Each structure stands twice: as C-alpha cells, then as structure tokens.
Amino acid sequence: MTNLKIQAIGVPLDRIDGPKKVTGAATYAAEYHIDGMAYAFPVQSAIARGRITAIETEAARALPGVIAVVTHENAPRLASLSDARHVVLQSDAVAYYGQFVAVVVAETPEVARQAASLVTVRYEEQPHDVTLRFVRDDLIRPEVVNAGYATDTSSGDVETALAEAAVTLDATYTTPTYHNNPMEPHATIAAWDDGGVILYDANQGAQRIRDDVARVFGLPPERVRVISPYVGGAFGSKAFTHPHVVLATLAARVAGRPVKLALTRQQMFAVVGYRTPTIQRIRLGADGKGHLTAIAHHVVEQTAMIYEFAEQTAVATRMMYAAPNHQTSHRLARLDMPVPTIMRAPGEAPGMFALESAMDEMAIVCGLDPIEFRIRNEPATDPETGRPFSSRGVVACLREGAERFGWQPRDPTPGVRTDGEWLVGSGVALSTYPARRRPSSARVRLSPDGRYTVSLCASDMGTGAWTILTQIAADALEVPVERVRLEIGDSALPTAPIAGGSMGTTSWGEAIVVAARRLRATLHEKHGGVIPAEGIEVTGEADANPEAQQFSTHAFGAQFAEARVHRETGEVRVPRLLGVFGVGRVMNAKTARSQLIGGMTMGLSMALHEESVLDPRFGDFANHDFAGYHIATNADVGAVEAYWIDEDDPHLNAMGAKGIGEVGIVGTAAAIANAVYHATGIRVRDLPITLDKLLR
Ligand code: MOS
C-alpha cells in the first residue's frame, strides 16, 4: 500500500451534489420524462400461496387510456428463469402475498392505477406457512450465509466449557421484520430502442441491474444501459434487482412505448425486500474473574420459497471476543413470504443486538462494569482465524466514549435514578462491520485545459460518494478538487461494484488512485509533463485487497446511550446517543459524520420503533406505510454525537479508509436496551422496546 499526499481528503467539503438536490435539479429515476412515455401500475397477489385460476381484464381494458394489460397468459416469455427473484408473469403460481400477477399500462398514472383496481384475479388458494418459530422440524442449513460466510463455526468444546463455567448466561433475543424504507421509492423507466433497452432506475449499482436485465431478456449486456446518477436512499433495498425492474421492462416491450413504473410505498413492502426477523439464542460462560470461556450463538431466521437468502446474523460473534470455546450457527425456515434482502449492516445489526445485550447481562452477573468486562475479553488476534487485526480500535473507542459521555462514576444498580416521573439509565455496546473492498476500475481523462474527468460506475444513494470520490481523485492527482469532475451512476461507465457492504469508497477509491497514478506517470514519462493536444486518458484497475488473507479487517465503535423510561406509562425516550468509531481514515468529516449519526439514528429507530407486523392469516404486512411503520422522527431523536479516533491502517487501501455506511447502526439498539435495563431493571430481549414491555 502506498500513501497519498493527503490534502483534500478529510476536509468537510460540502456535498458537490448538494445545490442540485436542494434546488430540485438533481433528476431521480421517476423524474425523467421520455417522449411518448406510458405509465405502469402493477396488480399484486391477494394470497400467499396457490395458483391463479382466472384473470378478468375486460373491465380494465375497457377504460379509456389503457394501452395494455399484461398477465402470465399473454406476457412474452423471458429468456432466463434462472433467478426466481427476477421472474415475473411467467406462470400461474403464487409464492407470496403481494407478488406481481399483472401490470396495466396506460396513458396516465391515474388511469393505470384505476385500471389495475379493475383487474379481478381468481385463485385456488393453498395453505400457507408464514410464521417464524425457533423450533421447527423443517429448518434448513444453508450452504453458506450472505456474503459467503460459513454457516456454522465451532472451536473447542462449548458444552463442556459451559458445564464447567463459574458463571453462565443462556438467553434468547428476537428482532422483528424490518423494511428498508428509503425516502425515494423504487422506480424504473424502461425505453426500448433498436433491440436494446435504456433504464432510468433507482439502484445501488447500475451494472448489476444491467447484467440481470440483459440475462432475463436474453440481450448482450452492451444493449442494456442503466442510468442512475441520483438515488434517494436505499439501505440495501436497491442493491439487488427486484421484480419491478423486470416488470417495467416487460411492460415497455409489450406496450411498444417507454414505460414508467414508480412503486408506491405500500407496494414496496412486498417486492423490494426486508430484513428477516431473527430468533437468537446466546450462551456465554465465564470464569470467576470475568474471562469468557465459551461463546455460543445460534440463529433461526427466514427465507422465501422462491429464493434462499440467509442473513449472516452470527458472523460478528466469531471475532468480537476472546474465548477458547466458540460456536455459531444459522438455520432457515422457508416460508411463503417475499424474499428477504440486505438491510444496513445485514447480520451485524440484529446479531450485535443479541451479543451486546448478552454481554451487558453477563457483565452484571460477573459484577463487572460493562466497559471493563469487554476490555477484559478483548482478543489479541481474530478468534476465528488467528490473524492479527489490521487495526482494532475497540479499547480506544470505549475509553474515549466513556470520557466524552461521562460514564464514570456509574452505579450499576438498576431502577434507582429518577428525574421526576422518569427513570434514568445509561448503556454501552460495541459496533463492528467488516472493512473490505471489491475489484473496481476507473477512467481518468486529462483535457488540454488542465481539467480532469474521473469516470466509473459508482453509485451515490445519499452517502456522499459524489463528494468524497472527487476528494480522493484530487489527492491522487495532486490537484485541487475544483479541477476534478466526476461521472458516476451510469452502467456505460467503467466497471465498478455496487454501493454495498460499506465497500463503495474503499473499492472505487482504490481504482481511482490506480488510474490517477497511471495518468500522472503517462503525463510525465511519455509527454514530459506537457499535456498533448488530444489530452490523455487512462483506465486503472484495482483488485480486492491482497492483504485480506493476512489480516482481520474490521471497523469498530463504542456507542453510549442515555434512556429515560416513564414510571407510569413506560414511554421510552433516548435524549442522548454518543458513538466513537475506529473507521480508518475519514474521507470527509461532514459526510462521514452524517453517515455515522444516520446509522445511529436508524439504530435508535430499530430499538424503539420499527417493526413490520405480519398478519399470519394472509401473509402480508399490516403496517405497510409510514402511518403504521414507525420510523424515528425528529421528535424521537435527541442529541446524537459521533466521533472517531485517529486510526492509520496501512493494510486496507491507498486511502486508509474502512467504510462507514453500516457500522453506525450496529450496537445502537443494544446500547439502548442496556440503558433501559439500567433505568428500569427490566431486560427487554425482544425488539422493539415498546412501552407494553416495560409495564409491570
Ligand atoms: Mo448495504 S445493506 O450492504 O447496501
């Protein structure tokens, strides 16, 4: 790894895309207008499992302005059915409530929506199973869990260690279904032309959408172009290709017109993914001095009938704490439900709620301060792989956080601090998220006027990528940011991975650095430092991190929460959240802070508010809009402070960045649950922490 001359990196530069966004000049997918465009509105299944016996479309077709009604009976055949997530209108089978069963195309969105309501679908309903339970005789063992991690791990002898431990804990924690709910609903405009198709689409990676659409429609990838310069949030829900993208593309082909399909918030609850509910059993054993001797984490979660998605819930438990005996496992229930997907810190967010709640419980049993208990169990090397950590800021984050938060002196006795009618408590929990990168490429062009254009298919879903990639390019080129222009969000640009897994900055940034160095070398070695009349253009490719095999690479953090619980009503308030993170070098102090406090706020939302409520009679979510699905609002959020330690990690990438999109949500819910326990003496192991759980 080589060092950059750091000048622009780290500066709290305002968002380059900010003025366009606040003036409405940034065009989002649903805002493009194409001449001759028609509008699609889907029809969704009203059963969770069964077959369609008839679809009556006459009334819809008779409505003036209707162009087409497409069902499985008249839809063109797709070229590839290999990924069931992308298959729409190809058979009469229904695999989950809300699955697309028809789509209406009309001259206006209003007519399309009204016509969709006139389509009558008749079903032969079959019994469905939509309820996750810890004990089932049909749980499956996935081959691997998400991101390619091992399903189960084991070292030492957990059962013997637990039997011999001085102190043990055996507790089960549950997290509900969550929906990603980005501010911008998913939307796709599809326009066919000359045997190819252009999509304006809201996503986290235009090339993944391109490749999936190309495969599904039997097109060479170069005949599909996906344009997505501005994306209004995603949290994982726009990482994979969801069926509405295929539906829009199919509808446009049938209609012979460009077609816009903008999902409603309600529709999103069935078709663009959700975070699986989890049931997690944690067992811990410790000796008389508070050293862990055994850690076991067993997870039961769900997947769909049509596709296997296995959240990596217990993965963080493998590397958080030292103990000679370790065991983790994941099992899946296949249910008649929509396909789960990744949601901000898939795995770590629910898994660390359980582990960090359990660590708090265990610290109490051991009679130790929860900070001291964690420090006592810090591993010297990665407990799973034995590799050294490239850097591990846990202790520094805990110490600095304790200082800033005012942790000491803390009386551990629960339920004794009051402020009027409120019981007051504090809690702490750790955060973690892997620090990785994927292969990427980037192109840099130097124009005769001395300006640089940096191009790659990166994606900015609101994270700040437009800004920080410009900063990285400026430092790699050793020029001021004003001389760099960025092009992203278009599948026609050089190949780059999606914005996901907190790997955008690390992957794209590395490629930009490689390309920039190549350009500077070309300029100096071939042209003696003088820009030729035609300019210079080079492309650089960067691989995944070669040092990933030698080091254990993760971001860490420590989060502190103050909770207040009303003595009479059980109402919970969190006036203060404070996090200190070890995230490598920070690329932009302003956008980084936004990412971290955004993650923490989402963690608060996870702790207290969010829950998709399943109606098992139908297999759908009862609270499928913002009236019923409660996301933390301004009034729910008090002070949220995020800090980071100075961390120089030379083993990751040229920038020394770790990725910060996801670590902020990890641990927050546990810190709050731990604070609620400290306030009340009531341990809530079942999220969200609603007032009914605190009334005795
Ligand atoms: Mo993030 S859930 O990996 O998009």
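Calculation notes
- Sequence positions are assigned chain by chain, starting from 1 and proceeding in written order.
- Thresholds applied to this predicted model are a pLDDT of at least 70 for local features of residues and 80 or more for the giving and counting of side-chain atom pairs; totals over whole chains, interfaces and linings are not thresholded and use all residues.
- To obtain the side-chain values, all non-hydrogen atoms of the structure were included, while hydrogens and water were left out.
- Burial classes follow relative accessibility: with a 1.4 Å probe on protein chains only, a residue under 20% of its type's maximum area counts as buried, one over 50% as exposed, and anything between as partly exposed.
- The way it works is that DSSP assigns letters per residue, a run of H or I at least four long becomes a helix, a run of E at least two long becomes a strand, and they are numbered from the N terminus.
- Paired strands, in this sense, are two strands between which DSSP finds at least two bridges.
- Definition used in this section: a nonpolar core is a set of buried Ala, Val, Leu, Ile, Met, Phe, Trp, Tyr and Cys residues joined via side-chain atoms within 4.5 Å.
- Per the annotation, domain bounds derive from an automatic or database assignment of domains.
- Working rule for contacts: check all heavy atoms of both residues, and any pair within 4.5 Å makes them a contact.
- Summed over both partners, the accessible area (1.4 Å probe) lost when two parts come together is defined as the buried area.
- Should a side-chain nitrogen of Lys or Arg be within 4 Å of a carboxyl oxygen of Asp or Glu, the pair is scored as a salt bridge.
- For every element, the axis is a line fit to its C-alpha atoms; helices are fit only across the contacting stretch, and the angle between N-to-C directions ranges from 0 to 180 degrees.
- What a helix should span is 1.5 Å times the count of its residues minus one.
- For classification purposes, angles smaller than 35 degrees are called roughly parallel, those larger than 145 roughly antiparallel, those between 65 and 115 roughly perpendicular, and all remaining angles oblique.
- By convention the crossing between two helices is left-handed if the near helix lies anticlockwise of the far one by an angle smaller than a right angle, and right-handed if it lies clockwise.
- Polar here means any residue other than Ala, Val, Leu, Ile, Met, Phe, Trp, Tyr, Cys and Pro, which are nonpolar, and Asp, Glu, Lys and Arg, which are charged; Gly is therefore polar.

Trainee: Talk me through the pairing of strand β1 (residues 38-44); I want residue IDs and the actual numbers.
Mentor: Within β1, six of the seven residues are buried, which leaves it mostly tucked inside the rest of the structure. In this structure, β1 lies alongside strand β5 (residues 100-106), joined through six bridges in antiparallel fashion. Its bridge partner being in β5, F41 is matched across the sheet by V104.

Trainee: Go over the nonpolar core, please, and point to the residues and values.
Mentor: The biggest cluster of nonpolar side chains holds 90 residues, and the ones touching the most others in it are L284, L292, M362, F560, I672 and I689. Top element by residues in this core is helix α9 (residues 348-366). It accounts for ten residues. Ranked by size, the runner-up nonpolar core spans 89 residues in total, among them Y230, L247, A442 and A516.

Trainee: How would you explain the domain arrangement of the chain if you had to name every residue and give the values?
Mentor: Taken domain by domain, the chain comprises domain 1 (18-27 + 437-542), domain 2 (32-127 + 182-234 + 238-271) and domain 3 (144-178 + 275-435 + 550-693). Here domain 1 and domain 2 have C-alpha centroids that lie 34 Å from each other. Facing the 22 residues of domain 1 at the interface are 20 residues of domain 2. The largest share of the area that domain 1 buries against domain 2 comes from T27, M461 and S491, three residues that together contribute 36% of it. Run the count over domain 1 and domain 2 and you get one salt bridge. Between R225 and D490 there is a salt bridge, with the nearest N and O atoms lying 2.5 Å from each other.

Trainee: Explain the sheet that holds β5 residue by residue, including any values.
Mentor: Strand order in this open sheet of seven strands is β3-β5-β1-β14-β11-β12-β13, and the pairing throughout is mixed. Two strands in the sheet have a free side with no partner beyond their single neighbour: β3 (66-71) and β13 (224-227). Pairwise comparison of adjacent strand axes, ignoring direction, gives a mean angle of 20° for this sheet. Strands β1, β3, β5, β11 (187-193), β12 (196-201) and β14 (259-262) of the sheet are contacted by helix α6 (residues 243-255), whose axis makes an angle of about 35° with β11.

Trainee: Got a sec to walk through helix α15 (residues 668-680)? Specific residues and values, please.
Mentor: The end-to-end C-alpha distance of α15, which contains 13 residues, comes to 18 Å, matching closely the 18 Å that a straight helix rising 1.5 Å per residue would cover. Counting buried residues in α15 gives 13 out of 13 residues, a clear majority hidden from the surface. At the C-terminal side of α15, G681 shows a positive phi close to 80°.

Trainee: Give a detailed account of the packing of helix α14 (residues 589-608) against α15, specifying residues and quantitative values.
Mentor: Two numbers describe how α14 lies on α15: the axes approach to 7 Å, and their chain directions differ by 50°. The angle between α14 and α15 falls in the class oblique. For the pair α14 and α15, the sense of crossing is right-handed. Contacts from G599, M600, G603, L604, M606, A607 and L608 of α14 reach α15 at T668, A669 and I672. Within the contact of α14 with α15, the residues separate by chemical class into seven nonpolar, three polar and no charged.

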